[in-house]
Amino acid sequence: MYSTNQKRHLKLNNMKKMIFRFATLAFLFLGFVACKEKADKKSISSEAGAAQPMESTEKAQVGGLALYTVRDAMTEDAKATLKTVAETGYQNIEAAGYADGMYYGMSPEDFQAYLKELHLRPISTHQSSVTLDNAEQEMADAKAAGFQYFVVPIPPMGLFNYDNETNTMSMTGGAKNLAEIIDALGEKAHAAGLQLLYHNHDFEFMEDADGIVPIDYLLEHCNPDLVNFQMDLFWVTKAGADPVAYFEKYPGRFKIWHVKDMDDEGKFAPVGKGTIDFAKILAEKEKSGMEYYMVEQDMTFTMKPLEAIKVSHEGIKNLGFN
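Residues numbered from 1 in each chain as written. Predicted model: local features only at pLDDT ≥ 70, side-chain atom pairs only at ≥ 80, totals over all residues. Heavy atoms only, no water.

Here the focus is the overall build of the chain. A count of helical and extended segments in the chain gives 12 helices and 14 strands. Relative to its full complement of 322 residues, the chain shows a buried share of 43%. Across the chain, the fraction of contacts at a sequence separation of at least 24, relative to all contacts at a separation of at least 6, is 76%. Accessible surface computed for the chain: about 17400 Å², of which carbon and sulfur atoms make up 54%. (Helix = DSSP H or I, 4+ residues; strand = E, 2+ residues; numbered from the N terminus. Buried < 20%, exposed > 50% of the residue type's maximum accessible area, 1.4 Å probe, protein only. Contact = heavy atoms within 4.5 Å. Areas by Shrake-Rupley, 256 points an atom, 1.4 Å probe, with all protein chains shown as cover.)

Set out below in structure tokens:
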């Protein structure tokens, strides 16, 4: 039998052992919780890290490309060409290959789905075949393909002329007639949920036989709620006009630009390899109303188009386009 003091001492030892065991268990439990939290954070960080490359890739994509530049490659293999366009770093595209209700041989819906797969956005489409009679169908197809802008690239319905001998462009019918047609197309585009733009070449900036500068007439007489413009910076420069002067006179009317350079001989050149003062023009983009721009080079001469678009992509980044 234990004495009273021995019993007290034994009881105290047992209590100490219990406290020690409890503290040990508590320490182990807290350590487990801390490790789990650390593992969870690491997992979240790892997941975020896995998503990071896609985010950085999207941020690296800038600018748009007018697919007219790579039209031959698009005819040969549209899907492979679009993949190269995306890999080059372009974010947006402008089509120039509508025929028989399809874009580059794909239905509007399939075309949009493939662009989405490549993380390319359909912004605008050049539809040179549009008339007052087929506009509703062409615009419905453009809408189904996901485009925002329906662009009339030349005076439509047989009004455009090209002289092979002199390599010059012109139009028939006069500025008033063209303005009325463009306004009517603008109404149809609005009804279809699209925005209509008219794209210029050089002849619209030159006086016609009646002493009228067609682009000025269109800007002053077409309904600005229905009709705006895609300014081709090369052709404006080629005509001897000043893009910035037009931004100042007609602010907010030039929703998309075609960005292409001009060499010393007056020929097309990759962006940044020519003489056009893009910095001066870009400084006034807010005044112009520009929402998107599309790199374009009608002819690439000794350089292959798929190579030229890479040079131009570096050019737009160096010039501060984004």
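In this section: the pairing of strand 14 (residues 292-295). In strand 14, alternate side chains face the same way, and those of Y292 and M294 on one face and Y293 and V295 on the other are all buried. As paired elements, strand 1 (residues 64-66) and strand 14 share 2 bridges and run parallel to each other. Its bridge partner lying in strand 14, G64 is registered against M294. When strand 11 (residues 254-259) meets strand 14, the two strands line up parallel, connected through 4 bridges. Pairing of V259 across the sheet is with V295, part of strand 14. (Pairing = 2+ DSSP bridges.)

What follows covers the packing of helix 5 (residues 135-144) against helix 6 (residues 174-191). For the pair helix 5 and helix 6, interaxial distance at closest approach is 10 Å and the crossing angle is 45 degrees. Taken together, the axes of helix 5 and helix 6 are oblique relative to one another. Crossing of helix 5 against helix 6: the hand is right-handed. Residues A135, E136 and M139 of helix 5 form the contact with helix 6, whose participating residues are L185, K188 and A189. Taken together, the residues of the contact of helix 5 with helix 6 break down into 4 nonpolar, no polar and 2 charged. (Axes fitted to C-alpha atoms, helices over the stretch in contact; angles between N-to-C directions. Parallel < 35°, antiparallel > 145°, perpendicular 65-115°, else oblique. Left-handed = near helix turned anticlockwise from the far one by under 90°. Nonpolar A, V, L, I, M, F, W, Y, C, P; charged D, E, K, R; others polar.)

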